[in-house]
Amino acid sequence: MSAPGQPVRLVALVDDDTGVRDSLAFLLEIAGHAVCAYASPIEFLRQCDLDSVRGLVADQHMPGLTGLELASHLRALGRDTPILLVTAAPTAAILAQAAELGISQVLAKPFDDSAILAFVRDLPI
Amino acid sequence: MKTLFEEGDASSILAILDLAPAMVRAFDGRILHWTGGAEQLYGWSASEALGRLSHELLQTEFPIPLADIEAALLSEGVWHGVLQHRTRKGEVLRVASHWSLQRDAGGQPAAIAEVNTNIGPQAHADAARARLSAIVESSQDAIIGKTLDGVVTDWNPGAERLFGYGAAEAVGQSITIIYPPEQATEEVALLERIRRGHAIDPFQSTRRRKDGSDIPVAVTVSPIRDASGAIVGASTIMRDLRAWINRERRLNDLQAQLAHTTRLSELGQLVAALVHEINQPLTAIRNYASGLEQLVRTGNYAAAPRGVTGIVTQVSRADAIIRRLRDFVRKGAPTVQAERLDGIIDEAVELATINPAAKGVTVNVDLAERDARVFVDRVQIQQVLFNLLRNAIEATDGRDERVLTIRTSISEGGVIAVDVSDTGPGISDTVLAELFKPFVTTKSAGMGVGLSVCRTIVEGHGGTLTGHNPPGSGALFRLTLPTEAQASAEADGK
């Protein structure tokens, strides 16, 4: 939760599934977080001011770029943004790559929303 | 002693004739000439045979009294018949014997030229007859002889086993004892054709056993002719088709089971895709519900409608997924009816693209006629399209351009074709050769029964399924289906 007086910084959501994206935005907004949501990694990279992003919740399976590819891209840009990766099938390969990219957490769908809430709550302001 | 051929003027002809087993003897039987062929056949040399009485030397047994043969010879000049001779070694021979009477200048009988052709020992003929008889006796098939009036004359043990009547019971009876009453006219027609000398092609029919049960049989009927060639009766061979029909039925059941199993294995893959797909609305519902819970706790309902609407939308979405799955699983008997092709295609596309592997795939549907109808079992044809689309999706995996095109066209004959093409690498030559054979697959996880079952399904509908690589693109599968008009035209024609 952002403390009063602090500048508003955003939690970015990138998921191509409208229902998942909108519901997650709903949940995080009610929890008091400012959220910006994108339907694809490309849209996110084009439209989002990366300086304003506190943390990123991204789906792994998306058209264009995968969640891991997006993370890799951010790291290449020198961004150490905390990332939570959501995937239907957290395979060993995905977990290993996620660890390499310094991804904080990998959640399997359907996930316990308290895990996401905790991730967002613990983000640096 | 004077022989008829002591002059050498026809020596070359005689040399050839010498190869034939022949003799010339006086009317009283004394041997005057004995060929090399005769020596070879009987074992006696010319020097041993000449001057001997031929019937003594060869211990001839005649089919009719010798006097009758000689009478015939004197009146006709020739006689033909089968004789039994003994060789020097004592072996019994059956010979076809041709006698020709030679008369002297005064017209008096002078000599007999006799040419004998070995037609095998008596034992051989007997054994052949015995073997033939044993074959009939031991045949699994029913072999029945009957007169042209349909009276049973012969009834082998196979017939006893098949129909339950003993030979003693059946012989002398009308053949119609083994007919179901409603089929007795069949026999009249059969006998009529046999009488006219027509051959009857093997056919399938039903016969009744002594116990009253009816059995399916394959029937072959052929005319029996006597020595003069006149048709005197008919032989009927009947084979019990029960085991064969059972096997056919079992094979059909197996094929149906295979189709069902394939559907189930597809179902397994579909379920994996559906698990993913249904996780999405479940995840969303959970998020909305958690948010609403938070709102309830704080008493701030301003944002509540968004959450409630979200939940309702996502529940409908999950419901639709489950309904599609249920439609796919439903097996039952195929129900063929007029169906809109566009609806079938749309649903198959929807099912196939649920798969996460289909992400990034563009599906173009190009219909020749929006509301064309085909006469098919909707679920089965959807399954075929689902297979083709899924294969196409897999084929484009990892390609820059992932486009599937479904194009329909209607030919002049009213046949509708559905082409499913992709931008994949195409079908390799080795696979192309065996594309529709079962258990041929390019997929590491596939059983390779998909396309063969697809073809079975399509052919069952009177359609065709073919695959090739058109120039400049990936694979193209063409499925043809009967249109409604075509199917009803066929039904009227029956």
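Our subject is the structure listed above.
Cut-offs used in this document
- Residues numbered from 1 in each chain as written.
- Chains lettered and ligands numbered in written order.
- Predicted model: local features only at pLDDT ≥ 70, side-chain atom pairs only at ≥ 80, totals over all residues.
- Heavy atoms only, no water.
- Helix = DSSP H or I, 4+ residues; strand = E, 2+ residues; numbered from the N terminus.
- Buried < 20%, exposed > 50% of the residue type's maximum accessible area, 1.4 Å probe, protein only.
- Contact = heavy atoms within 4.5 Å.
- Polar contact = N/O pair within 3.5 Å; in protein donor to acceptor, adjacent residues only side chain to side chain.
- Core = buried A, V, L, I, M, F, W, Y, C linked by side-chain atoms within 4.5 Å.
- Pairing = 2+ DSSP bridges.
- Axes fitted to C-alpha atoms, helices over the stretch in contact; angles between N-to-C directions.
- Parallel < 35°, antiparallel > 145°, perpendicular 65-115°, else oblique.
- Left-handed = near helix turned anticlockwise from the far one by under 90°.
- Nonpolar A, V, L, I, M, F, W, Y, C, P; charged D, E, K, R; others polar.
- Expected span 1.5 Å × (residues − 1).
- Buried area = accessible area lost by both parts, 1.4 Å probe.
- Salt bridge = Lys/Arg side-chain N within 4 Å of Asp/Glu carboxyl O.

(A) Fine view of the overall build of chain A. The helix and strand tally for chain A stands at five helices and five strands. For chain A, the N- to C-terminal ordering of α and β elements is β-α-β-α-β-α-β-α-β-α. For chain A, the residues scored as buried account for 49% of the 125 residues in total. For chain A, the share of sequence-separated contacts (at least 6 apart) that also reach a separation of at least 24 residues comes to 64%.

(B) Just the side chain of Asn 116 of chain B, in detail. Residue and element names in this part refer to chain B. Mapping Asn 116 onto the fold places it in strand 5 (residues 109-118). Given the relative accessible area of 1%, Asn 116 is considered buried. Side chain to side chain, Asn 116 and Ser 97 meet in a polar contact 2.5 Å long.

(C) Spotlight on the nonpolar core. All names here are of chain B. Within the largest apolar cluster, 39 residues are counted, with the highest numbers of intra-cluster contacts made by Ile 345, Leu 385, Leu 389, Leu 479 and Leu 481. When residues of this core are traced back to their parent elements, those giving at least two are helix 12 (341-352), strand 13 (373-377), helix 13 (378-395), strand 14 (403-410), strand 15 (416-422), helix 15 (450-460) and strand 17 (476-481). For this core, the element with the highest residue contribution is helix 13, accounting for eight residues. Apart from the residues within four sequence positions on either side, Leu 479 is in contact with Val 384, Leu 385, Ile 416, Ala 417, Val 418, Val 458, Thr 464 and Leu 465. Core analysis: the second largest hydrophobic core is formed by 23 residues, Ala 142, Trp 155, Ile 215 and Val 219 among them.

(D) Molecular detail of the sheet that holds strand 8 (residues 200-208) of chain B. Residue and element names in this part refer to chain B. Strand order in the open sheet formed by five strands is 7-6-10-9-8, with antiparallel pairing between adjacent strands. The open sheet has two free edges, formed respectively by strand 7 (152-155) and strand 8, since each of these has just one partner strand. Each strand axis lies, on average, 30 degrees off the axis of its neighbour in the sheet, ignoring direction. Where strand 8 meets strand 9 (residues 214-225), seven bridges bridge the pair, whose relative direction is antiparallel. For Ile 200, the partnering residue across the bridge sits in strand 9 and is Val 221. Lying over the sheet, helix 9 (residues 184-195) contacts strand 6 (142-147), strand 8, strand 9 and strand 10 (231-240), oriented at roughly 155 degrees with respect to strand 8.

(E) How the structure looks around the sheet that holds strand 3 (residues 78-86) of chain B. All names here are of chain B. Spatially, the five strands line up as an open sheet ordered 2-1-5-4-3, and their pairing is antiparallel. Of all the strands in the sheet, the pair left with one neighbour each is strand 2 (31-34) and strand 3. Adjacent strand axes in the sheet meet at a mean angle of 25 degrees when their direction is disregarded. Examined bridge by bridge, strand 1 (residues 22-26) and strand 2 share three bridges and lie antiparallel to one another. Bridge pairing in strand 2 places Arg 25 opposite Ile 31.

(F) How the structure looks around the packing of helix 12 of chain B against helix 13 of chain B. All names here are of chain B. Contact geometry of helix 12 with helix 13 gives a least axis separation of 8 Å together with a crossing angle of 45 degrees. The pairing of helix 12 with helix 13 is recorded here as oblique in orientation. Crossing handedness for the pair helix 12 and helix 13: right-handed. Residues Gly 343, Ile 344, Ile 345, Glu 347, Ala 348, Val 349, Leu 351 and Ala 352 of helix 12 pack against Arg 378, Ile 381, Gln 382, Leu 385, Phe 386, Leu 389 and Ile 393 of helix 13. Considering only residue class, the contact of helix 12 with helix 13 consists of 11 nonpolar, two polar and two charged.

(G) View of helix 1 (residues 18-30) of chain A. Residues and elements named next belong to chain A. The terminal C-alpha atoms of helix 1 lie 18 Å apart, and with 13 residues this matches the ideal 18 Å at 1.5 Å per residue to within 8%. Burial analysis of helix 1 places 10 of its 13 residues in the buried class, the great majority of the element. Three or more residues of helix 1 are buried, namely Gly 19, Val 20, Arg 21, Ser 23, Leu 24, Ala 25, Phe 26, Leu 27, Leu 28 and Ile 30. Where helix 1 begins, the capping side chain belongs to Asp 17, and its oxygen is found 3.0 Å from the backbone nitrogen of Gly 19. Following helix 1 by one or two positions, Gly 32 adopts a phi angle in the positive range, close to 100 degrees.

(H) Spotlight on the interface of chain A and chain B. Taken together, the contact between chain A and chain B spans 22 residues of the former and 20 residues of the latter. For the pairing of chain A and chain B, the buried interface totals around 1,900 Å² over both sides, and the portion due to carbon and sulfur atoms is 55%. Notably, a salt bridge pairs Asp 17 of chain A with Arg 317 of chain B, separated by 2.3 Å at the nearest N-O pair. Between the two partners, chain A and chain B, sit 13 residue pairs in polar contact (both at pLDDT 80 or more). Looking at which element gives the most residues to the side of chain A that touches chain B, the answer is helix 1 of chain A, with 10 residues.

(I) Structural detail: the pattern of salt bridges. All chains considered together, the criterion is met by 27 salt bridges over all chains. One salt bridge in this structure joins Arg 306 of chain B and Glu 29 of chain A, with 2.9 Å as the shortest N-O distance. In this pair, Arg 306 of chain B sits in helix 11 (residues 304-329) while Glu 29 of chain A sits in helix 1, so the two residues belong to two different chains. Classification of Arg 306 of chain B by relative accessible area gives partly exposed; the value is 32%. Taking the relative accessible area as the measure of exposure, Glu 29 of chain A reaches 35% and is therefore partly exposed. Between Arg 340 of chain B and Asp 342 of chain B there is a salt bridge, with its nearest N and O atoms 2.6 Å apart.

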